[in-house]
Amino acid sequence: MENKYGLYLSREGTTVRLPVNPETYSITRDNDNGSYNVLGVGPIMIPRTPKLQTASWSGLLPGRADMGAVLTSGGFQPPKFYIDFVQSALDEKAVCRFVANRYMEDGSAIFDTNMEVLITRFETEERGGETGDFYYKIALSEYRDYSPKTVKLRQEDPGGPVQATSEPTRSIPRGQLTVGQSVTVNGPCFRSSAGAEPHGTLSGFRGVISRIVTDDPQRAYPYHITDENGGAKGWVKASQIQTAS
């Protein structure tokens, strides 16, 4: 039976699936809660904004496609392909997308992880007697958009209260599809924006645009769709998308 469980990294329209799933990987979620001792009360904890999620694992980049654990034998790439992909993203401080598609052994879906990340650590190692194979360690940290917003002050009546409203620094043309927009999607979806690896068909699916790649004409499916909880659904065309009402 096909192993659908997979880990993916995407950058600028290129999506790569790790050729061999690691034995284990961890996703850490911590809260930055504050602990205090209050006279007459004792220890208390004040909830604060959660820290950034992190993910890390160790794995294998095989030098041959005939290894039984290789999940990408039909589109095999040597270790250098993955090393160059990760190293360039690390060097250029590029924002990537990390997706974990989880499935049971019988092929039934569990749930997905889908988040924008920065690569914070990447190590490779070669071992004697395993020529061509590379072992690696990688660490990712969740990325949160911190772009500034403008604030407009409006006073309805002279002498009355001033109301503040925030908006993005750039105006969005009417009818334009944007990241973060709620939409309804119909039609086939793919794991790659180039149309590789069909990933099922959506019908009246209400989701969110999580990524747009429109600077490459070779990307026939430039809009990446997730569910409302961030679970990846796949790449689609603009003609398949309607703005959700």
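See above for the structure.
Attention here is on the structure that accompanies the text. None of these values were measured; they are calculated from a predicted model.

### A closer look at the overall build of the chain
Secondary structure assignment for the chain yields one helix and 16 strands. Across the 245 residues that make up the chain, the buried fraction comes to 37%. Look at the contacts in the chain between residues 6 or more apart in sequence, and 53% of them connect residues 24 or more apart. When the accessible surface of the chain is summed, it comes to about 15,000 Å², and 49% of that surface belongs to carbon and sulfur atoms.

### Re the nonpolar core
Across soluble globular proteins, nonpolar side chains have a tendency to be buried as a group. Core analysis: the largest hydrophobic core is formed by 24 residues, its most contacted members being L9, W57, F98, I138 and L140. Of all elements in the fold, only strand 1 (6–11), strand 6 (54–61), helix 1 (79–91), strand 7 (96–103), strand 8 (109–125) and strand 9 (134–142) reach the threshold of two or more residues within this core. A per-element tally of this core places helix 1 first, with five residues. Discounting residues that sit within four places of it in the chain, I138 has contacts with L9, A55, S56, W57, V86, I119, R121 and F122. Core analysis: the next-biggest nonpolar cluster, separate from the first, contains eleven residues, C189, F205, Y223 and I225 among them.

### A short note on the environment of L177
Along the chain, the position of L177 falls in the loop between strand 11 (162–168) and strand 12 (182–190). Excluding residues within four positions of it along the chain, L177 makes contact with I209, I212, Y223, A238, I241 and T243.

### Re the sheet that holds strand 7
Hydrogen bonds along the backbone pair up the strands of a sheet, which may run parallel or antiparallel. One open sheet holds the seven strands; their spatial order is 2-1-7-8-9-6-3, and the pairing between them is antiparallel. Unpaired on one side and paired on the other, strand 2 (14–17) and strand 3 (25–28) mark the two borders of the sheet. Direction aside, neighbouring strands of the sheet carry axes that sit 30° apart on average. As paired elements, strand 1 and strand 2 share four bridges and run antiparallel to each other. Within strand 2, the residue paired with Y8 across the bridge is R17. Of the strands in this sheet, strand 1, strand 2, strand 6, strand 7, strand 8 and strand 9 touch helix 1, which is tilted by about 85° from strand 8.

### Some points on the side chain of R17
Here R17 lies in strand 2. An unpaired buried charge is present at R17: no salt bridge exists, and E197, the closest side chain of opposite charge, is 4.5 Å distant. A polar atom in the side chain of R17 sits 3.0 Å from the backbone oxygen of N3. A distance of 3.1 Å separates a polar side-chain atom of R17 from the backbone oxygen of Y5. In this view, R17 contacts N3, K4, Y5, G6, L7, Y8, L71, T72, Y82 and E197; residues no more than four positions away in its chain are not counted.

### Details of the pattern of salt bridges
Pairing between side chains of opposite charge can happen when their charged atoms approach one another. In this structure the tally under the stated criterion is eight salt bridges. Between R11 and E12 there is a salt bridge, and its shortest N-O distance comes to 3.8 Å. Relative accessible area serves as the criterion here: at 11%, R11 is assigned to the buried category. In this structure, a network of salt bridges that share partners links the residues R11, E12 and E92.

### Here we look at helix 1
Three- or four-residue spacings in an α-helix give side chains the same orientation, since the helix completes a turn every 3.6 residues. When the terminal C-alpha atoms of helix 1 are compared, their 18 Å separation across 13 residues agrees well with the 18 Å that a helix rising 1.5 Å per residue should span. Within helix 1 the residues assigned to the buried category are P79, Y82, I83, F85, V86 and A89. An end-on view of helix 1 places all buried positions within 160° of arc, on one side of the element. Away from the buried face of helix 1 by more than 90 degrees, exposed residues K80 and D91 are located. Positioned one or two residues after helix 1, K93 has a phi angle of 55°, which is positive.

Calculation notes
Residues numbered from 1 in each chain as written. Predicted model: local features only at pLDDT ≥ 70, side-chain atom pairs only at ≥ 80, totals over all residues. Heavy atoms only, no water. Helix = DSSP H or I, 4+ residues; strand = E, 2+ residues; numbered from the N terminus. Buried < 20%, exposed > 50% of the residue type's maximum accessible area, 1.4 Å probe, protein only. Contact = heavy atoms within 4.5 Å. Areas by Shrake-Rupley, 256 points an atom, 1.4 Å probe, with all protein chains shown as cover. Core = buried A, V, L, I, M, F, W, Y, C linked by side-chain atoms within 4.5 Å. Pairing = 2+ DSSP bridges. Axes fitted to C-alpha atoms, helices over the stretch in contact; angles between N-to-C directions. Lys, Arg positive; Asp, Glu negative; His and termini not counted. Salt bridge = Lys/Arg side-chain N within 4 Å of Asp/Glu carboxyl O. Polar contact = N/O pair within 3.5 Å; in protein donor to acceptor, adjacent residues only side chain to side chain. Expected span 1.5 Å × (residues − 1). Arc of directions from axis to C-beta.

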